[in-house]
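# Notes for the structure review
Okay, here's what each chain looks like letter by letter:
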Amino acid sequence: MNRIPDIRTALAGAACGRPPTDGILLTSPINRRWATGFASSAGALLITPTESVFITDSRYIEAAEAQIRDAAVIQISSGQSYAALVAEILTGNPIKRLGFEEDFMTQSAYAAYRKKLPAELVPAQSVLSDLRASKTSAEYALMRRAQEITDQTFAQILPLITPERTERELAAEIVYRLLKNGAEHPAFDPIVVSGPRSSMPHGIPGEDKLTGFVTIDFGAVYKGYCADMTRTVSIGEPTDEMRRVYEVVSEAQRAGIAAAKAGVIGKDIDCAARSVIKAAGYGDYFGHGFGHGLGLEVHESPGAGPTETRPLPSGAVISAEPGIYLPGKFGVRIEDTLCLTESGCEILTQTPKELIVL
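Computed from a prediction, not measured in an experiment: that's the story for all the values here. (Residues numbered from 1 in each chain as written. Predicted model: local features only at pLDDT ≥ 70, side-chain atom pairs only at ≥ 80, totals over all residues. Heavy atoms only, no water.)

## So, the overall build of the protein
- Scanning the protein from terminus to terminus reveals 10 helices and 19 strands.
- In terms of C-alpha radius of gyration, the protein reaches 23 Å, essentially the compact-globule figure of 21 Å for 358 residues.
- Counting only residues that meet the buried cut, the protein has 53% of its 358 residues in that class.
- Considering only contacts in the protein between residues 6 or more positions apart, those separated by 24 or more positions represent 65%.
- Just so you have it, the protein exposes about 15,200 Å², and 54% of that area is on carbon and sulfur atoms.
- Counting 35 positive and 43 negative side-chain charges, the protein places the averaged centre of each group 2 Å from the other. (Helix = DSSP H or I, 4+ residues; strand = E, 2+ residues; numbered from the N terminus. Rg over C-alpha atoms; globule rule 2.2 N^0.38 Å. Buried < 20%, exposed > 50% of the residue type's maximum accessible area, 1.4 Å probe, protein only. Contact = heavy atoms within 4.5 Å. Areas by Shrake-Rupley, 256 points an atom, 1.4 Å probe, with all protein chains shown as cover. Lys, Arg positive; Asp, Glu negative; His and termini not counted. Charge placed at Lys NZ, Arg CZ, Asp CG, Glu CD.)

## Here's the deal with the packing of helix α1 (residues 4-12) against helix α6 (residues 125-133)
- Interhelical geometry of α1 versus α6 gives an angle of 125° and a closest axis separation of 10 Å. By the angle class used here, α1 and α6 are oblique. At the point where α1 passes α6, the crossing takes the right-handed sense. Here D6, I7, A10 and L11 of α1 lie close against α6, whose contacting residues are V127, L128 and L131.
- Looking at the contact of α1 with α6 residue by residue, the classes come out as 6 nonpolar, no polar and 1 charged. (Axes fitted to C-alpha atoms, helices over the stretch in contact; angles between N-to-C directions. Parallel < 35°, antiparallel > 145°, perpendicular 65-115°, else oblique. Left-handed = near helix turned anticlockwise from the far one by under 90°. Nonpolar A, V, L, I, M, F, W, Y, C, P; charged D, E, K, R; others polar.)

## Notes on the pattern of salt bridges
- Here the structure, examined in full by the defined rule, presents 24 salt bridges.
- E300 serves as the salt-bridge partner of K135, at 2.7 Å between the closest nitrogen and oxygen. Here E300 lies in strand β14 (residues 300-304) and K135 lies in the loop between α6 and α7 (137-157), a separation of 165 residues in the sequence.
- Residue K135 is classed as buried on the basis of its relative accessible area, which comes to 12%.
- Between K353 and D336 there is a salt bridge, and its shortest N-O distance comes to 2.7 Å. In this pair, K353 sits in the segment after β19 (345-347) while D336 sits in strand β18 (residues 336-340), placing the two residues 17 residues apart along the sequence. (Salt bridge = Lys/Arg side-chain N within 4 Å of Asp/Glu carboxyl O.)

## Quick word on the sheet that holds strand β12 (residues 229-235)
- Read from one edge of the open sheet, 3 strands run β8-β9-β12, paired in antiparallel fashion. Because the sheet does not close on itself, it has two edges, and the strands there are β8 (191-194) and β12. On average, each strand axis in the sheet is inclined to that of its neighbour by 15°, with strand direction left out of account.
- Alignment of β8 against strand β9 (residues 212-218), held across 4 bridges, turns out to be antiparallel. Within the sheet, the bridge partner assigned to V192 lies in β9 and is I216.
- Packed on one face of the sheet, helix α8 (residues 167-180) meets β8 and β9 and runs near 150° to β8. (Pairing = 2+ DSSP bridges.)

## A closer look at the pairing of strand β15 (residues 317-320)
- What you see with β15 is no split at all: V317 and S319 on one side and I318 and A320 on the other are buried throughout.
- Across 4 bridges, the pairing between β15 and β18 is antiparallel. Across the sheet, I318 pairs through a bridge with L338, a residue of β18.

Any functional reading would require information that these geometric values do not contain.
Written out as structure tokens, the structure is:
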């Protein structure tokens, strides 16, 4: 995938509420990969109205030259700084205002570029965030495959959820099967918490034996794109309270999914789910948002949380993950991945959501 022409077009029309720029410098691995389709830990991509230059070091130069299109590929010399080389490229170029990724660039890197460049650095992360918000059909296909691997892995680890196994052991099994099923790597360290520890939304798997409600949150990465899914299952017969909380979370998720479509403000989707939990008397026990954006990052813009005031675009991919967490007792979270359309949303997650009692 090559998005350099899209970035150049967006910069040309960036007068809508954004500071005007003559070009943009991408230094973050995520945005460089999105723009060129090439993954590397080191590099910089300079895009101007007339040229595009990808800079990297000797570790990546051969692969970059073979894979990158619509940009010249240059190898940085040993001991040379990226700031100095970008400044050299810009010498004689009529670039006066150069966009940069303020959400990613460190203060020290900013100071180095500011000192060397013959252009003013202007915040321009919103250009990338807006473009990345709507997934193309090619991106969507990769995310669908990432979710298929995640669903397949859940089906394989389900028989392994027993009282004899620890949280950490189950987490290790998840990582092993994700890789075996075709994932590049997990989208994040799997969350496996059970019993009273399931009340911790992002608890770290420990040596505790699995018991009661077991919350399992994980996802695959396939060709750079992330999946994210959570299921809560029960070891042994759940109490009436556990069943009620599970049903409230399930109802809240259905309400949020029903409200999710392109053009809806993110906080309104969150409100649809949150109101169900609040009406059931558990409003104080749902502390995070209904959903976050997904793509090359497992958490990216736009989202569907209580502070999201922007309408979500068609093609946005978000999670749908309400939860209720009762400290010292148990927690429940159910999470699917949604792709928003003009008429509603498509649910990528295929794993059933009925409460599983093992």
